Amino acid sequence: MRTKVWNVDKFVDNLENDPQIVDAAQLLRQNEVVALPTETVYGLGGNAKNDEAVSKIFAAKGRPVDNPLIIHIAEENQLDEFVAEIPEKAAMLMKAYWPGPLTLIFKQKLGVLSEKATAGLGTVAVRMPDHPVALALLKSCKLPIAAPSANRSGKPSPTTAEHVLEDLNGKIAGVLDGGATGVGVESTVVDCTEAVPVILRPGGVTKEQLVKVVGPVEVDRALTGGSAKPKAPGMKYKHYAPNAPMFLVDGTTDFIQQLVRDKQAQGLRVGVLATEETASHYKSDLVLACGKRSELPTVASALYDTLRTFNHEKIDVIYSEIFPTSGVGQAIMNRLLKAAGNHIIVEK
Ligand code: AMP
Ligand code: MG
C-alpha cells in the first residue's frame, strides 16, 4: 500500500474544509487507517465503530489485541452515543482539561463501538485532543476515532510525521503531517468509575492538576511498584524501548561517566541521555541533550525523538539520567523506566 502524506498548515482558518483533511476524513469513513498529529504524540486513527478499521490499526502496529484503544472525539455530545453515564468528577475534569492530554474511563453503552477497540471491556477510554488538525479531522469525518500512538508496538511513540513513516510507511493509508507535537508524552489515563479517581497512566495532565479540580486522586498501585496487575491493560507491556539496552542511573555525572568508560573499555559504543545542563559533562560516543532539566515539559517534549535518535547511530548500550517525579516528571520517569525494562543503577 502506498502511504499518502498530506502536509497541513495547522494555523489556517476553516481547516475542517481543507481538501487534505477532507481526503483523510473520507478514507476514515471508508474504514482505512490514517495517522494524525495530536498535542501529545501522533495517533493512528480508525473508525471506532467498525471491526475492520480497528483490526487494521492492531495489524499495522503489531499491537496485542487485549490492549484497548483510546476513542477520540471533537465534541462532548458525541459521548451520548457510546458512554453509559458521566460521573460528576469526570464532568469536572472534562470542563477543566478538555480538549487536552487527559483520557477518562467511562462505563460503556454496549453495542455501539467495535468490541475490538475496547478489548471486550465494559468500559471505554475517551479523550478530546487539543490540536487543530486532529479536531478538524474528527469534525470532518463525524465519527468517534480509535487512535493509539502511531508507532510499531513496543517502540518509542512518534512525535513527528517522519517517526510515523519510519515505523508504518506502506502499512497505513496516510499521514497528516502537522509538524512536531508539543507535549511529547501521551495523555494521562484516569478512571472515574469509582468514587475516588485513579490514575492508570501518568501523562500530560499532572496529578497536581487533577487534585486541584477534584480533590484526592489515587495512583494505580501497579505503577508505584506494587505487584498488582495494572488496571490499564497496556501498562503491562514493554514499551518505548530504543534498540540498544538502556539503564537509568541514579547518581552523579561523574558516576555516569565512569560507567561509560567501563563499557568503552570493553569495546562497546555508549550513548548517554543527558540534559542541556549536563551534556557537556560527558565524553562518550553519542551524548544527547533531552530538553532542560530546569523545565521538565521540555524533557517530555524531546523524549521520544531522543530515544529514536539512539537507533540511528550504532550504539550498544545507553545510560540515562533520571528526573524528579513531580509534575510531568511522573510521566517522564514512567516512560523511561519502561524503556529501560525497569533497569536502574544506583550510585552507592
Ligand atoms: P495508547 O493507545 O498506546 O496511548 O494506550 C492507551 C492506554 O489506555 C493503554 O495503556 C490502554 O491499556 C489504556 N486503556 C484503554 N482503554 C482502557 C479501558 N477501558 N480501561 C483501562 N485502560 C484502558
Ligand atoms: Mg502507545
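What counts, and where the lines are drawn
Residues numbered from 1 in each chain as written. Chains lettered and ligands numbered in written order. Predicted model: local features only at pLDDT ≥ 70, side-chain atom pairs only at ≥ 80, totals over all residues. Heavy atoms only, no water. Near = heavy atom within 4 Å. Polar contact = N/O pair within 3.5 Å; in protein donor to acceptor, adjacent residues only side chain to side chain. Areas by Shrake-Rupley, 256 points an atom, 1.4 Å probe, with all protein chains shown as cover. 1 Å grid on protein atoms, 1.4 Å probe; cavity = no way out; pocket = protein on both sides within 12 Å on 5 of 7 lines; lining within 4 Å. Sits in = over half its atoms within 2 Å of the grid points. Helix = DSSP H or I, 4+ residues; strand = E, 2+ residues; numbered from the N terminus. Nonpolar A, V, L, I, M, F, W, Y, C, P; charged D, E, K, R; others polar. Buried < 20%, exposed > 50% of the residue type's maximum accessible area, 1.4 Å probe, protein only. Contact = heavy atoms within 4.5 Å. Points joined across faces, edges and corners; volume = space filled by probe spheres on them. Phe/Tyr/Trp six-rings, centres within 6.5 Å; stacked < 30°, edge-to-face > 60°.

A. The site of ligand 1, seen in detail. Around ligand 1, the structure places 19 residues, and the nearest of them are Arg63, Asn67, Thr123, Arg201 and Gly234. Contacts to ligand 1 include arginine 201, whose side-chain N or O atom sits 2.9 Å from an oxygen atom. Coverage of ligand 1 by the protein amounts to 95% of the 500 Å² it exposes when considered alone. Using a 2 Å cut-off from the grid points, one finds that ligand 1 occupies the largest pocket. When contributions to the shell around ligand 1 are tallied by element, the ones reaching two or more residues are strand E6 (123-127) and strand E10 (198-201). Broken down by class, the residue content of the shell around ligand 1 amounts to twelve nonpolar, four polar and three charged.

B. Unusual backbone geometry, seen in detail. Of note, the bond from tryptophan 98 into proline 99 is cis; its omega dihedral lies within 30 degrees of zero at -10°. Mapped onto the secondary structure, proline 99 falls in the loop between helix H4 (88-97) and strand E5 (102-107). Although it is not a glycine, lysine 142 adopts a positive phi angle of roughly 55°. Inspection of the secondary structure puts lysine 142 in the loop between helix H5 (132-141) and strand E7 (145-146). On the basis of relative accessible area, lysine 142 is assigned to the exposed category, the value being 66%. Of note, the phi angle at asparagine 342 is positive, near 65°, even though the residue is not glycine. Position of asparagine 342 relative to the elements: it lies in the loop between helix H10 (329-339) and strand E16 (344-346). Look at asparagine 342 and you get exposed, because its relative accessible area is 56%.

C. A look at H10. Taken across its eleven residues, H10 has nine buried, putting it largely inside the fold. Restricting attention to buried positions, one finds in H10 the residues Gly329, Ala331, Ile332, Met333, Asn334, Arg335, Leu336, Lys338 and Ala339. In this structure, the buried side of H10 is in contact with E10, strand E12 (246-250), strand E13 (270-274), helix H9 (296-312) and strand E15 (317-321). Looking at the residues trailing H10, positive phi occurs at glycine 341, about 55°.

D. Structural view of empty space enclosed by the protein. Using the criterion set out here, one finds one cavity of 30 Å³ or more in the structure. By volume, the largest cavity amounts to about 40 Å³. In terms of lining, the largest cavity is formed by Thr188, Ile199, Pro202, Gly203, Val205, Thr206, Lys207, Gly327, Gln330 and Ala331.

E. A look at the packing of aromatic side chains. As enumerated under the stated definition, the model contains two aromatic pairs in all. Here phenylalanine 247 and tyrosine 319 contribute two aromatic rings whose centre-to-centre distance is 6.0 Å and whose plane-to-plane angle is 40°, an arrangement assigned as tilted. Remark: tyrosine 319 occurs in strand E15 and phenylalanine 247 occurs in strand E12; sequence separation between them is 72 residues. Given a relative accessible area of 24%, phenylalanine 247 falls into the partly exposed group. Overall, the relative accessible area of 3% leaves tyrosine 319 in the buried class.

F. Structural context of the environment of threonine 159. Note that threonine 159 resides in the loop between E7 and helix H6 (161-168). Measuring from C-alpha to C-alpha, the distance between threonine 159 and glutamine 264 comes to 31 Å, with 105 residues separating the pair along the chain. Once residues lying within four places of it in the same chain are set aside, the contact partners of threonine 159 are Thr40, Val41, Tyr42, Gly179, Ala180, Thr181, Gly184, Tyr304 and Asp305.

G. Representation of the layout of surface pockets within the structure. A volume near 640 Å³ is recorded for the largest pocket. Taken together, 36 residues form the lining of the largest pocket, with Arg63, Pro68, Ile70, Val189 and Arg201 sitting closest to its centre. Secondary-structure elements contributing two or more residues to the lining of the largest pocket are strand E4 (70-72), E6, strand E9 (188-191) and E10. A total of four residues in the lining of the largest pocket trace back to one element, the largest contributor, which is E6. Its residues assigned to classes, the lining of the largest pocket comprises 17 nonpolar, eleven polar and eight charged. Roughly 430 Å³ of volume is contained in the second largest pocket. Residue classes in the lining of the second largest pocket are distributed as ten nonpolar, six polar and three charged.

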